[in-house]
Amino acid sequence: MTELAYINGKILPIKDAVVSIEDRGYQFGDAVYEFIASYDGKMFWLEAHLDRLIRSMSELSFPVISRSFLKDEIYRLYDKADISRAGIYIQISRGIAKRNHAFGNKMVPQLVMTIRPVSEVSPALKENGVKVITMEDFRWGRCDIKTVQLLPNVLAKQKAVKAGVYDTIFISREKIVREASSSNLFAVIGNKIFTHPLTRHILEGITRKVIFEICGRLNYEIEERFFDLDLLYGAKEVFLSGTVTEILPVIKIDDKFVGKGQPGPKARAIFKALRACTKDS
Ligand code: PDD
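Residues numbered from 1 in each chain as written. Predicted model: local features only at pLDDT ≥ 70, side-chain atom pairs only at ≥ 80, totals over all residues. Heavy atoms only, no water.

Points about unusual backbone geometry
Here is step 1 of the chain: Look at Asn8: it is not a glycine, yet its phi comes out positive at around 40°.
Here is step 2 of the chain: The residue Asn8 is located in the loop between strand E1 (4-7) and strand E2 (10-12) in this model. (Helix = DSSP H or I, 4+ residues; strand = E, 2+ residues; numbered from the N terminus.)

In structure tokens, the structure reads:
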């Protein structure tokens, strides 16, 4: 088991991996990324992560990198590191150039990766649930693209840490509930599970996709629809989803308890089903 970095084909220790100061990812946030986790030596939903990575690059008019090349390189790093429960960070920047906002057509994308054991959310939080706060969404208008421009997400998470809670939920100016700083959000309202539709204001999480499949199997009614903060405050259950988050029950939002202030049965059942399907992905 070895923590490793990858830079444009070279695999080396993370501490030795350096990139150019003129990488556009560094100077402009002109880069996209993915974060993939493995369970018991198998990467979870790799194909879906590749789909999203390729879409992110295409939405930003990056030069095309072939899917099979990306997949081979991810496997090369993954096999070499041999970490059973790994977190693989993949970043592709548009390229390296003299600083200039506009980009030419001679860009050579830079592919970098790291692999380490996943920093798990503590089992106690998964079991007992977390508290969150809310704030107005001040991100850009293309949150559907997974770019490294994460400053609003960073500040939102830091605000939560400062407030002694787990995370911050982004709410639109019209009070529509969007997502958390690095997770999607689901709310059980009545007997249905609601989550924000796929617009440019949220990321299409891979775990979110898995949850739709699981809900089909468990016969849970799930619906993509806009819902506001008042409905969220009154939800029976709320939970977050993400590659690292997995399924994380939310028990308090701002100063209001969710339901009885304890994780609910739907979040628990979905979490159990998610863990079960990591074995056959
Ligand atoms: N973040 N929404 C946002 C804004 C995210 O950053 C993420 C993931 C998600 C959930 O997506 P997924 O289920 O594919 O992990 C939703 C990753 C883990 C990160 O930034 O490291």
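Some points on the sheet that holds strand E6 (residues 110-117)
Here is step 1 of the chain: Ordered by their spatial adjacency, six strands build an open sheet running E2-E1-E6-E5-E3-E4, and the pairing between neighbours is antiparallel. Every interior strand has two partners, whereas the edge strands, E2 and strand E4 (42-43), have only one.
Here is step 2 of the chain: With respect to the sheet, helix H2 (residues 46-59) is in contact with strand E3 (31-39), E4 and strand E5 (86-93), its orientation differing from that of E3 by roughly 175°. (Pairing = 2+ DSSP bridges. Contact = heavy atoms within 4.5 Å. Axes fitted to C-alpha atoms, helices over the stretch in contact; angles between N-to-C directions.)

Points about the domain arrangement of the chain
Here is step 1 of the chain: Each assigned domain of the chain is listed here: domain 1 (4-117) and domain 2 (123-278).
Here is step 2 of the chain: The distance between the C-alpha centroids of domain 1 and domain 2 comes to 26 Å.
Here is step 3 of the chain: Listed per partner, the contact involves 23 residues of domain 1 and 23 residues of domain 2.
Here is step 4 of the chain: For the pair domain 1 and domain 2, the two sides together bury roughly 1,900 Å², of which 63% comes from carbon and sulfur.
Here is step 5 of the chain: When the buried surface of domain 1 facing domain 2 is broken down by residue, Tyr33, Trp45 and Arg52 rank first, second and third, together holding 33% of it.
Here is step 6 of the chain: At the junction of domain 1 and domain 2, the tally comes to three salt bridges.
Here is step 7 of the chain: Across the pair Arg142 and Glu59 runs a salt bridge, and its minimum N-O distance is 2.8 Å. (Domains from an automatic or database assignment. Buried area = accessible area lost by both parts, 1.4 Å probe. Salt bridge = Lys/Arg side-chain N within 4 Å of Asp/Glu carboxyl O.)

Quick look at the environment of Gly190
Here is step 1 of the chain: Note that Gly190 resides in the loop between strand E10 (184-189) and strand E11 (192-195).
Here is step 2 of the chain: A C-alpha to C-alpha distance of 7.4 Å links Gly190 and Lys236, two positions 46 residues apart in sequence.

Considerations on the pattern of salt bridges
Close approach of charged atoms lets side chains of opposite charge pair.
Here is step 1 of the chain: In this structure the tally under the stated criterion is 26 salt bridges.
Here is step 2 of the chain: For Asp30, the salt bridge goes to Arg94, with nearest N and O atoms at 2.6 Å. Here Asp30, found in the loop between helix H1 (24-28) and E3, pairs with Arg94, found in the loop between E5 and E6; they are 64 residues apart in sequence, far enough to count as distant.
Here is step 3 of the chain: Here Asp30 falls in the buried class, since its relative accessible area comes to 10%.
Here is step 4 of the chain: Exposure remark for Arg94: the relative accessible area of 4% places this residue in the buried category.
Here is step 5 of the chain: Its salt-bridge partner being Lys256, residue Asp255 comes within 3.0 Å of it at the nearest N-O pair.
Here is step 6 of the chain: Here the salt bridges do not stand alone but share partners, grouping Arg85, Glu120, Lys126, Glu246 and Arg275 into one network. (Buried < 20%, exposed > 50% of the residue type's maximum accessible area, 1.4 Å probe, protein only.)

Notes on helix H3 (residues 67-81)
Here is step 1 of the chain: Between the first and last C-alpha of H3 there are 21 Å, a value that for 15 residues agrees with the 21 Å anticipated at 1.5 Å per step.
Here is step 2 of the chain: Of all the residues in H3, the buried ones are Leu70, Glu73, Ile74, Leu77, Tyr78 and Ala81. Each buried residue of H3 lies within a common arc of 130° when the element is viewed along its axis, so the set occupies one face. Those residues of H3 that are exposed and angled more than 90 degrees off the buried face are Asp79 and Lys80.
Here is step 3 of the chain: Taken from the residues just after H3, Asp82 is the one with a positive phi, measuring 55°. (Expected span 1.5 Å × (residues − 1). Arc of directions from axis to C-beta.)

With respect to the pairing of E6
Here is step 1 of the chain: Sheet topology places E1 next to E6; four bridges connect them, and they run antiparallel. Residue pairing in the sheet places Tyr6 in a bridge with Met113 of E6.
Here is step 2 of the chain: Sheet topology note: the E5/E6 ladder contains eight bridges and is antiparallel. Bridged to Ile88 within E6 is Ile115.

Section: the packing of aromatic side chains
Here is step 1 of the chain: A complete count under the given rule lists six aromatic pairs for this structure.
Here is step 2 of the chain: When the centroid spacing of 6.3 Å and the interplanar angle of 50° are considered together, the rings of Phe44 and Trp45 count as tilted.
Here is step 3 of the chain: By relative accessible area, which is 9% here, Phe44 ends up buried.
Here is step 4 of the chain: Each ring, one from Phe186 and one from Phe239, has its centre 5.2 Å from the other, and the planes form 5°; the classification is stacked. One end of the pair, Phe186, is in strand E10; the other, Phe239, is in strand E13 (residues 237-242), with 53 residues separating them in the sequence. Here Phe186 matches Phe239 in class, with each residue buried.
Here is step 5 of the chain: Counting every residue linked through ring pairs, the aromatic cluster contains Tyr39, Phe44 and Trp45.
Here is step 6 of the chain: We note Arg85 situated over the ring of Tyr39; from NZ or CZ to the ring centre the distance is 4.1 Å.
Here is step 7 of the chain: We note Arg94 situated over the ring of Phe103; from NZ or CZ to the ring centre the distance is 3.5 Å. (Phe/Tyr/Trp six-rings, centres within 6.5 Å; stacked < 30°, edge-to-face > 60°. Lys NZ or Arg CZ within 6 Å of the ring centre and 35° of its normal.)

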